[in-house]
Amino acid sequence: MNLKRISILFLAFVVAAFYVFPADMSIVENPASSSADDSSAVAFVRKLNAALQTGSVEKALSLFSGMPASLQNDMDLKKLHASLMISAEHYVDAHALVSELESKLPNDVEVKEMKMILAKAEGKAAAKSAALKEILALDPNNSSANTELGQEQVLKHKYKPAKNYYLKALKGDPRNLDALFGYGQTSYYLNEIPAARTAFKKMLEIDPQNAMAHSYIAKIYAEDENYKMAEEYVLKAIALDDSNYDFYMDLGTYQRFRGKFKDAEKAWTRAIKINPQYFLAYAYRAGLYDEQNIYDSALEDYRTVVKTNPQYYFAYESLGMLAWRIGNYDEARVAFEKAYSYNKTNVSYPLMIAACYYKADKSHLVKPFLAKAMKDFPDRNSLEYLMLRLYHDFGPTNAENQIVQRIQQEENKTKKGKMTFYLALYDEMKGRNESSKKIYSEVASLQSPMFFEFRLAEWKVKG
């Protein structure tokens, strides 16, 4: 059953709670004094209640075809019937019955709520908006309507107005779990952590088995870097719902921060099994493998990341590095080309693309490529442009000495380290092995490097 059906069926249960038996309880308490029609009414309501308790929407709906005449004008049962129709997606019949109810009960808030839910189920935004206005005109703090308006704002990432709608919803019903969750979630997004914590704890007071509340309390503990408690709470969430992708993503994150790398790997692997078409768990697991020098597994995961989400540009740099490491220069080049397409100002990418062409014996493609790439670096006196020109010409030139001097004078440590790497790589490709080894060692010995080429230098030095 999908979420839409669950929420609609919940409304049906609410209506049913107010009508388990007919108003005249003497019918139930003293069946002998009842007429035959009254007895059939009792039997019908009991069957209906039993069907609702088991969650069988279709069975409950089928009972209405044999509803006793004495109950056919009962408005509460008509509301329940309409709610069940919406839940079963019998929208045409539901429209007819909701219209009938509205004509007889023009100011009934429950009927207006069903009208709103029906419009939402059908994806009719204008009709839903009109129904919401009607509800709020009758009941400004209506919990259902304000919760729905809050959810609309959340989808637009407008968390402050969303939070205000949830506050109104809680004025109407302080125990509305959807409103409590919305208020807690938006407070969390707005970094109002105490308010978020209070909301989620209130949810657990009302419903101790609420998995989402447990998961958000875990997030709050993680905000304080209390990853032990965060792990405990998300495990409670998983015990209640072990098919939730996000829970396992969070679990792996908390475990990784605790140094429990094998457990983190298992958590993200479980997330992948839940949804193998979504990229994020592969990306997290790839980073974990990479961090532990399990390079082959990391490479496979990064390949899957860009396959499942080609727009996730963060993965292309790592994919290019790992493919370069094993000498797969064509794959590395394609990855760096994608990274370059997202960031035209990072000189590393065109230089690595050019190096991949050289390494793959496709040097004839370097000049036309770099001739275009150099246009992205219009300052011809910049160190970046000079290095691109060096790779472009790749022949006898006086530019090398100039570049060496500029690197030595460079004050930015990241830029200096990066350009030193490309000088070492240039020497390697020119066959100057001793010189390149020496310069690679200089790069690999740097402290706290902030550029990916450092790892390429490390791999080169360590062999």
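Our subject is the structure that appears above.
1. Some words on unusual backbone geometry
No. 1: The backbone of D361 shows a phi angle near 60°, a positive value even though the residue is not glycine.
No. 2: Mapped onto the elements, D361 comes out in the loop between helix 21 (348-359) and helix 22 (366-373).
No. 3: Non-glycine residue S448 carries a positive phi angle of around 50°.
No. 4: With respect to the helices and strands, the residue S448 is situated in the loop between helix 26 (433-444) and helix 27 (453-462).

2. Quick notes on a nonpolar patch on the surface
No. 1: Taken together, the side chains of Y313, F314 and Y342 make up a nonpolar region of the molecular surface, amounting to roughly 330 Å² of accessible area.
No. 2: Counting through the fold element by element, Y342 comes out in helix 20 (residues 329-342).
No. 3: On the basis of relative accessible area, Y342 is assigned to the partly exposed category, the value being 38%.

3. Quick notes on the side chain of S215
No. 1: Here S215 shows up in helix 13 (residues 211-223).
No. 2: S215 has contacts with A237 and F247, leaving out every residue within four places of it along the chain.

4. As for helix 9 (residues 143-155)
No. 1: Spanning 13 residues, helix 9 covers 18 Å between terminal C-alpha atoms, matching the ideal 18 Å at 1.5 Å per step.
No. 2: Taken as a whole, helix 9 has its buried residues at S143, A145, N146, T147, E148, L149, G150, Q153 and V154.
No. 3: Buried-residue contacts for helix 9 involve helix 7 (109-121), helix 8 (125-138), helix 10 (159-172) and helix 11 (177-189).
No. 4: Of the residues one or two after helix 9, H157 is the one with positive phi, at around 60°.

5. What about the pattern of salt bridges?
No. 1: The full count for this structure, using the stated rule, is 37 salt bridges.
No. 2: Of the charged contacts, one joins K462 and E458 as a salt bridge, the two residues approaching to 4.0 Å between their closest N and O atoms. One end of the pair is K462 and the other is E458, both in helix 27 and four residues apart, which spans about a single turn.
No. 3: Assessed through its relative accessible area of 67%, K462 is described here as exposed.
No. 4: Owing to a relative accessible area of 24%, E458 belongs among the partly exposed residues under this scheme.

Thresholds, definitions, all that
- Residues numbered from 1 in each chain as written.
- Predicted model: local features only at pLDDT ≥ 70, side-chain atom pairs only at ≥ 80, totals over all residues.
- Heavy atoms only, no water.
- Helix = DSSP H or I, 4+ residues; strand = E, 2+ residues; numbered from the N terminus.
- Patch = residues over 30% accessible without salt bridge, like charges linked within 9 Å, V, L, I, M, F, W, Y side chains within 5 Å.
- Areas by Shrake-Rupley, 256 points an atom, 1.4 Å probe, with all protein chains shown as cover.
- Salt bridge = Lys/Arg side-chain N within 4 Å of Asp/Glu carboxyl O.
- Buried < 20%, exposed > 50% of the residue type's maximum accessible area, 1.4 Å probe, protein only.
- Contact = heavy atoms within 4.5 Å.
- Expected span 1.5 Å × (residues − 1).

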